[in-house]
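# What the coordinates show
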Amino acid sequence: MKSKKIAINMLALAALTMPMASCTSDLDQYPHTETTSQQVYTSAENYESVLGKIYTSMVTTGQGKGGLNSDLSSNMGYDYMRCYFNLQECGTDEVASTWLSGDKTSGITYLQWDANDPWVSDMYYRIYYNITLCNEFLRNCTDTKISTFSDTDQQLLRHYRAEARFMRALFYYHALDLFRNIPFVDENDPVGSFTPPRYTAAQTAAFIESELKSAVTDMYPASECPYGRASQGAAYTLLAKLYLNDEVYTGQAKYTECIDACNNAIAQGYTLESDYSKLFNADNDKRTNEIIFALPVDAQKTVSWGSTTYIICGEMGNTSSDLNVADYGVKSAWGMFRSRGELPAKFETGDNRAKFFTKNQTQYLDDITNQSQGYFMTKWTNLTDAGQTASNTADGGVDTDYPMFRLADVYLMYAEAVLRGGNGGSYDLALKYVNALRERAYGNTDGDLKQSQLSLDYIINERARELYLESERRTDLIRFGEFTTSKYLWQWKGGTKDGMAVDNKYNIYPIPNTELTANPNLYNENY
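Residues numbered from 1 in each chain as written. Predicted model: local features only at pLDDT ≥ 70, side-chain atom pairs only at ≥ 80, totals over all residues. Heavy atoms only, no water.

## Looking at the pattern of salt bridges
The test is simple: In the sections that follow, a salt bridge refers to a side-chain nitrogen of Lys or Arg positioned within 4 Å of a carboxyl oxygen of Asp or Glu. Runs of E in the DSSP output that reach at least two residues are strands. Runs of H or I that reach at least four are helices, and both are numbered from the N terminus.
Overall, the coordinates contain 40 salt bridges when judged by the stated rule. In this structure, arginine 287 engages aspartate 385 in a salt bridge whose closest nitrogen and oxygen atoms are separated by 2.8 Å. With arginine 287 in the loop between helix H9 (255-266) and strand S4 (291-295) and aspartate 385 in the loop between strand S7 (376-377) and helix H11 (393-396), this residue pair connects regions lying 98 residues apart in the sequence.

## A word on the side chain of arginine 353
So the rule is basically this: Partly exposed residues are those whose accessible area sits between 20% and 50% of the maximum for their type, while under 20% is buried and over 50% is exposed, using a 1.4 Å probe and protein chains only. As used in this structure description, the phrase polar contact means that two N or O atoms lie within 3.5 Å; if the pair is within protein, one of them must be able to donate a hydrogen and the other to accept it, and residues adjacent in sequence are counted only when both atoms belong to side chains. Should any heavy atoms of two residues lie within 4.5 Å, those residues are counted as being in contact.
Relative to the elements of secondary structure, arginine 353 occurs in the loop between strand S5 (337-339) and strand S6 (356-357). Exposure remark for arginine 353: the relative accessible area of 1% places this residue in the buried category. Separated by 2.8 Å, the side chains of arginine 353 and glutamate 462 make a polar contact. Arginine 353 has contacts with Tyr276, Phe347, Leu437, Arg438, Ala441, Glu462, Arg465, Glu466 and Tyr468, leaving out every residue within four places of it along the chain.

## Notes on the pairing of S4
Inclusion rule: Any two strands between which DSSP finds at least two bridges are classified as paired.
Burial of S4 is extensive: five of the five residues sit out of reach of the surface. Bridging between S4 and strand S8 (residues 402-406) involves four bridges; their strand directions are antiparallel. Note on S8: the bridge partner recorded for phenylalanine 293 is phenylalanine 405.

## Concerning empty space enclosed by the protein
Our working rule: Residues are called lining when one of their atoms sits within 4 Å of a cavity or pocket point, these points coming from a 1 Å grid over the protein atoms alone, where a cavity is a set in which a 1.4 Å probe fits but cannot get out and a pocket is an open set with protein on both sides within 12 Å along at least five of seven lines. Grid points are joined across faces, edges and corners, and a volume is the space filled by probe spheres set on the points. Residues were grouped as follows: Ala, Val, Leu, Ile, Met, Phe, Trp, Tyr, Cys and Pro as nonpolar; Asp, Glu, Lys and Arg as charged; and all remaining residues, including Gly, as polar.
By the definition in use, this model includes two cavities of 30 Å³ or more. One number sums up the size of the largest cavity: a volume of about 170 Å³. Lining the largest cavity are 20 residues, and of these Tyr84, Tyr173, Lys241, Ser471 and Glu472 lie nearest its centre. Of all elements in the fold, only helix H3 (80-89), helix H6 (151-179), helix H8 (232-250), S8 and helix H15 (473-479) reach the threshold of two or more residues within the lining of the largest cavity. Examining the composition of the lining of the largest cavity, we find that four residues originate from one element, H8, more than from any other. Here the second largest cavity is characterised by a volume of approximately 40 Å³. As for the second largest cavity, its lining consists of Pro403, Met404, Phe405, Arg406, Asp409, Leu467, Glu470 and Glu472. Each residue belonging to the lining of the second largest cavity can be placed in one class, and the counts come to four nonpolar, no polar and four charged.

## Concerning H9
Rules: Expected helix span is taken as 1.5 Å per residue step, with the number of steps being one fewer than the number of residues. Note that the arc is defined by the directions from the helix axis to the C-beta atoms.
For H9, spanning 12 residues, the distance from its first C-alpha to its last is 16 Å, which sits close to the expected 16 Å at 1.5 Å a residue. Of the positions making up H9, those classed as buried are Tyr255, Cys258, Ile259, Ala261, Cys262, Ala265 and Ile266. Along the axis of H9, the buried positions cluster into a sector of 165°, meaning they face one direction only. As for H9, its buried residues are in contact with H8, helix H12 (407-419) and helix H13 (427-442).

## Overview of the packing of aromatic side chains
This is how it is decided: Between the rings of Phe, Tyr and Trp (Trp by its six-membered ring), a pair exists once the centres lie within 6.5 Å; its type follows the angle of the planes, with under 30 degrees stacked, over 60 edge-to-face, and the other angles tilted. Lysine NZ or arginine CZ positioned within 6 Å of the ring centre and within 35 degrees of the ring normal marks a charge as sitting over the ring.
Applying the stated rule across the entire model yields 37 aromatic pairs. Their ring planes at 90° and their centres at 5.7 Å tell us that tyrosine 47 and phenylalanine 137 sit as a pair that is edge-to-face. Taken together, the residues tyrosine 47 in helix H2 (residues 44-56) and phenylalanine 137 in helix H5 (residues 118-139) connect sequence positions 90 residues apart. With a centroid separation of 4.1 Å and 5° between ring planes, the pair formed by tyrosine 411 and tyrosine 433 is classed as stacked. Linking tyrosine 411 in helix H12 with tyrosine 433 in helix H13, this pair joins segments that are 22 residues apart in sequence. Judged by its relative accessible area of 10%, tyrosine 433 falls in the buried class. Through a chain of ring-to-ring contacts, the aromatic side chains of Trp113, Tyr124, Tyr125, Tyr128, Tyr172, Phe179, Phe184, Tyr199, Phe207, Tyr506, Tyr509 and Tyr527 assemble into a single cluster. Residue placement shows arginine 420 over the ring face of phenylalanine 480; its charged tip is 4.6 Å from the ring centre. Over the face of the ring belonging to tryptophan 490 we find lysine 493, whose NZ or CZ atom lies 4.3 Å from the ring centre.

## What about the nonpolar core?
The nonpolar side chains of a soluble globular protein tend to be buried, and buried together. As a reminder, the rule being used: Among buried residues, those of type Ala, Val, Leu, Ile, Met, Phe, Trp, Tyr and Cys that are joined through side-chain atoms within 4.5 Å constitute a nonpolar core.
In this structure, Met58, Ile127, Phe137, Phe166 and Phe293 are the most contacted members of the largest nonpolar core, which totals 155 residues. Per-element accounting of this core gives the leading share, 15 residues, to H6. Non-local contacts of isoleucine 127, meaning those with residues more than four positions away in its chain, are made with Tyr80, Phe171, His174, Ala175, Leu178 and Phe179. Within the second largest apolar cluster, six residues are counted, among which are Ala96, Leu100, Leu365 and Trp492.

## Digging into H6
The end-to-end C-alpha distance of H6 is 41 Å, a good match for the 42 Å that 29 residues give at a rise of 1.5 Å each. For H6, the tally of buried residues reaches 22 of 29 residues, placing the bulk of the element in the interior. The first or second residue beyond H6 is arginine 180, which carries a positive phi of 65°.

## With respect to the packing of H9 against H12
For the record, the criterion: Axis geometry follows a simple rule: fit a line to the C-alpha atoms, using only the stretch in contact for helices, then measure angles between N-to-C directions, giving values from 0 to 180 degrees. Note on terminology: angles under 35 degrees are roughly parallel, angles over 145 are roughly antiparallel, angles of 65 to 115 are roughly perpendicular, and the others are oblique. A crossing counts as left-handed when the near helix is turned anticlockwise from the far one by less than a right angle, and as right-handed when that turn is clockwise.
Where H9 contacts H12, the two axes come as close as 9 Å, and the packing angle between them is 150°. Taken as axis vectors, H9 and H12 run roughly antiparallel relative to one another. In this structure, H9 crosses over H12, and the sense of that crossing is left-handed. Facing Tyr255, Cys258, Ile259, Cys262, Asn263, Ala265 and Ile266 of H9, the residues of H12 in contact are Leu407, Val410, Tyr411, Met413, Tyr414, Ala417 and Val418. A class-by-class count of the residues in the contact of H9 with H12 yields 13 nonpolar, one polar and no charged.

If you want it as structure tokens, here you go:
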């Protein structure tokens, strides 16, 4: 078992995040604290611990192993990234959930959820819990608050402050993308009895853009950033994602700005990893050449039953005698999901990104819950570069980190923004970036495109081939007008075997009814 080096103290001060009795309180009433801010924010080391909590709040649910001593009560009880993965993947052409009833995924699988859906609710409250962590940190990291520290510590704390602002921008980006018109609260709002206002998508997008452009100057460049922390490259990548989707969110196209942000991210010096599979194994912490921002998961220090543990154990079937789970570095298969047939159909012969276990499996799904139908996806593993099991998943989770942002995605965003009419880009460079991914996938130039073949229709399919199971698909399908419409149908879309269009309201998740009761400023359109 390896001991992964994570360049930040990932064990935060437990007293900062005591369990919540209810999720229906207004946003700034949690986390409840027993230790006061005056006691906590007394040293740079303590600030680092709180920052570590902000990072790990995406992959754990509490202070103990696998989420013991939970930060807040929730319906399903799982971590941020398990919720995010389900909301981004379960209703798309990529994932067929197995335990629709037991895991309560029917609503998000069939695009039939409502404002009481447990996964939608848990995601909402996870996001705002994390935003609250950031606000509390920033409230105590002003220039005035840190003025008594040494010059060296003040410089360090400004880096921490910029990273906290980035993380808050990331959480608000997820809230914007999933829920659109949302409550807004920052470090300047009062703590306690405060009812947050409802921000429009345009207001939230403007806030995210402003925060990232302001914070990036105090963030570490990619070459200096400690592992597991957000660099300038991460900020530029998040800006690119915001700009690429801005027309969906606000009606205002910002493809030129997307190209600029992609150029700034690429200028950080990233390069493609030569072996695609090594981006998703237990040694992927070594892939900092391509992985721009990673969420560390460690079988000893940050044990999670969600995040990559969920993906790796979840993609392994537990009813097939043909699949040996040890070949993928795990001791138990959960059988949570398989691929829908449309995903493997997108791959051509010779494309090494097609990681599917097909023996005695049908490609398409007559019964979505039948584990013999749909290929098992083997893209993610808990194996080291040497092919050895990295950790005992029956006890301690996996050792595979979650690559939140990758250079490959930046290349595809650049190409798409050029094709959508953004200025300052180059068709030749867009083609070069796409072909770089194709050449890695094929190991040669057999899969290269000609300029006449590069189109938006090609990009949406290439994003599926390159980024499947990386929590991008729902957002991509919405941007291309395919998520709810009849433009593209896949099996069991809308709850029917052959697929059908659904109400456009399902492009946006509803704010939970419990929150509408607590905050009269909020309402859902069409739900």
